[in-house]
Amino acid sequence: QVQLVESGGGLVQAGGSLRLSCAASGRIDSINVMAWYRQGPAKQRALVASITNFGITNYKDSVKGRFTISRDNANTVYLQMNSLKPEDTAVYYCYAHTVRGDSDFWGQGTQVTISS
């Protein structure tokens with residue numbers, strides 16, 4: 001099992017910045033991918049950014065150049081969000097995939113609200 005705890009959400013004005021953090025615990029030795037997803041009002045949950053154990057990153061087109069995903073050696077993943085727009089408003093979820101058991105794990109979500 002892997003536990004994911006997110007922090008860093010909040011309310012900011014358009015053009016502002018936020019940094020989300022997600023701390024992983026448990027069977028972290030088996031994690032090969034960590035990511036951030038988001039779910040806006042009346043929308044499906046969608047991938048925002050991902051990072052592999054090799055540091056390979058992938059971004060949703062609409063956040064490229066504004067968001068940066070990173071991961072430290074302590075298995076915390078970050079999402080630096082700059083130039084925020086009202087359409088970035090959503091609940092952001094941390095995600096981890098483990099090789100052992102080919103399993104998916106989710107955090108509880110953190111609300112990000114961007115005011116215009």
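Residues numbered from 1 in each chain as written. Predicted model: local features only at pLDDT ≥ 70, side-chain atom pairs only at ≥ 80, totals over all residues. Heavy atoms only, no water.

**Q** Quick one: what's the story with the overall build of the chain, residue by residue and with numbers?
**A** A count of helical and extended segments in the chain gives zero helices and 11 strands. In summary, the chain has a C-alpha radius of gyration of 14 Å against a globular reference of 13 Å for 116 residues, a match within 12%. Each principal axis of the C-alpha distribution contributes one length, and for the chain these read about 45 × 25 × 20 Å. Sequence-distant contacts, at least 24 apart, represent 53% of the contacts inside the chain between residues at least 6 apart. Side chains of the chain carry 11 positive and 8 negative charges; the gap between the two charge centres is 3 Å. (Helix = DSSP H or I, 4+ residues; strand = E, 2+ residues; numbered from the N terminus. Rg over C-alpha atoms; globule rule 2.2 N^0.38 Å. Contact = heavy atoms within 4.5 Å. Lys, Arg positive; Asp, Glu negative; His and termini not counted. Charge placed at Lys NZ, Arg CZ, Asp CG, Glu CD.)

**Q** Before we move on, could you go through the nonpolar core and cite the residues and values that matter?
**A** Counting 28 residues, the largest nonpolar core has Leu-4, Met-34, Trp-36, Leu-79, Met-81 and Tyr-92 as the members making the most contacts within it. Counting only elements with at least two residues in this core, the list comes to β1 (2-7), β3 (18-26), β4 (31-39), β5 (46-52), β7 (67-71), β8 (76-81), β9 (90-98) and β11 (110-115). In contact with Leu-79, not counting residues within four places along its chain, are Leu-18, Arg-19, Leu-20, Trp-36, Val-48, Ala-49, Phe-67, Thr-68, Ile-69 and Tyr-92. (Core = buried A, V, L, I, M, F, W, Y, C linked by side-chain atoms within 4.5 Å. Buried < 20%, exposed > 50% of the residue type's maximum accessible area, 1.4 Å probe, protein only.)

**Q** Give a description of the packing of aromatic side chains that names residues and reports values.
**A** Using the criterion set out here, one finds three aromatic pairs in the structure. Taken together through their ring pairs, the aromatic side chains of Tyr-37, Tyr-95 and Trp-106 make up a single cluster. Above the plane of the ring of Tyr-93 lies Arg-45, whose end atom (NZ or CZ) is 3.6 Å from the centre. A cation over a ring is seen here: Arg-45 above Trp-106, with NZ or CZ 4.7 Å from the ring centre. (Phe/Tyr/Trp six-rings, centres within 6.5 Å; stacked < 30°, edge-to-face > 60°. Lys NZ or Arg CZ within 6 Å of the ring centre and 35° of its normal.)

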